[in-house]
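Per-entry structural report
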Amino acid sequence: MTRLEKLYQRMLATPTPCDVRHEELKVFLKSLGLVEVKLGKTSGSRIKFMDPQNPSRQIRLHKSHGDSPVDRGALKDVITRLRLMGFIE
């Protein structure tokens, strides 16, 4: 099993994991074909991932500060949104 397959299993696990780091989430979203869009100097810790084929399909979230994990509720929202957009089953 590759590292990416393990990451997929971890992200889609039930219950939602509480120790996912921002970098892991970023790798997961990029592996689905989403690209990170820079929001500008005043965006603070907000980030956006967008489908290059359909710019209206996007996910916006806050980058966790330091080495703290991504909020479990935010991760659930991202997974739900990815399912609605058809990126995952």
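Our subject in this report is the structure included herewith. None of these values were measured; they are calculated from a predicted model. (Residues numbered from 1 in each chain as written. Predicted model: local features only at pLDDT ≥ 70, side-chain atom pairs only at ≥ 80, totals over all residues. Heavy atoms only, no water.)

Quick word on the overall build of the protein chain
When helices and strands are tallied, the protein chain shows three helices and three strands. When the helices and strands of the protein chain are read in sequence order from the N terminus, they spell out α-α-β-β-β-α. In summary, the protein chain has a C-alpha radius of gyration of 13 Å against a globular reference of 12 Å for 89 residues, a match within 12%. Burial status across the protein chain gives 35% buried among its 89 residues. (Helix = DSSP H or I, 4+ residues; strand = E, 2+ residues; numbered from the N terminus. Rg over C-alpha atoms; globule rule 2.2 N^0.38 Å. Buried < 20%, exposed > 50% of the residue type's maximum accessible area, 1.4 Å probe, protein only.)

Some thoughts on the nonpolar core
In terms of nonpolar packing, the biggest core is built from 20 residues, with Met11, Leu25, Phe28, Leu29, Ile59 and Leu82 touching the most fellow members. When residues of this core are traced back to their parent elements, those giving at least two are helix H1 (3–11), helix H2 (22–31), strand E2 (46–51), strand E3 (54–62) and helix H3 (72–85). Those residues in contact with Leu82 that sit more than four places away from it in its chain are Phe28, Leu29, Leu32, Leu34, Ile59, Phe87 and Ile88. (Core = buried A, V, L, I, M, F, W, Y, C linked by side-chain atoms within 4.5 Å. Contact = heavy atoms within 4.5 Å.)

Re the side chain of Lys48
Examined against the element boundaries, Lys48 turns out to sit in strand E2. Here Lys48 sits buried without a salt bridge, and the closest side chain of opposite charge, Glu36, lies 11 Å off (N-O distance). Aside from chain neighbours lying at most four places away, what touches Lys48 is Val35, Glu36, Val37, Leu39, Gln58, Ile59 and Arg60. (Lys, Arg positive; Asp, Glu negative; His and termini not counted. Salt bridge = Lys/Arg side-chain N within 4 Å of Asp/Glu carboxyl O.)

Some points on the environment of Val70
Structurally, Val70 is set in the loop between E3 and H3. The buried category is assigned to Val70, whose relative accessible area is 9%. Taking the C-alpha atoms as reference, Val70 lies 7.1 Å from Asp19; in sequence the two are 51 residues apart.

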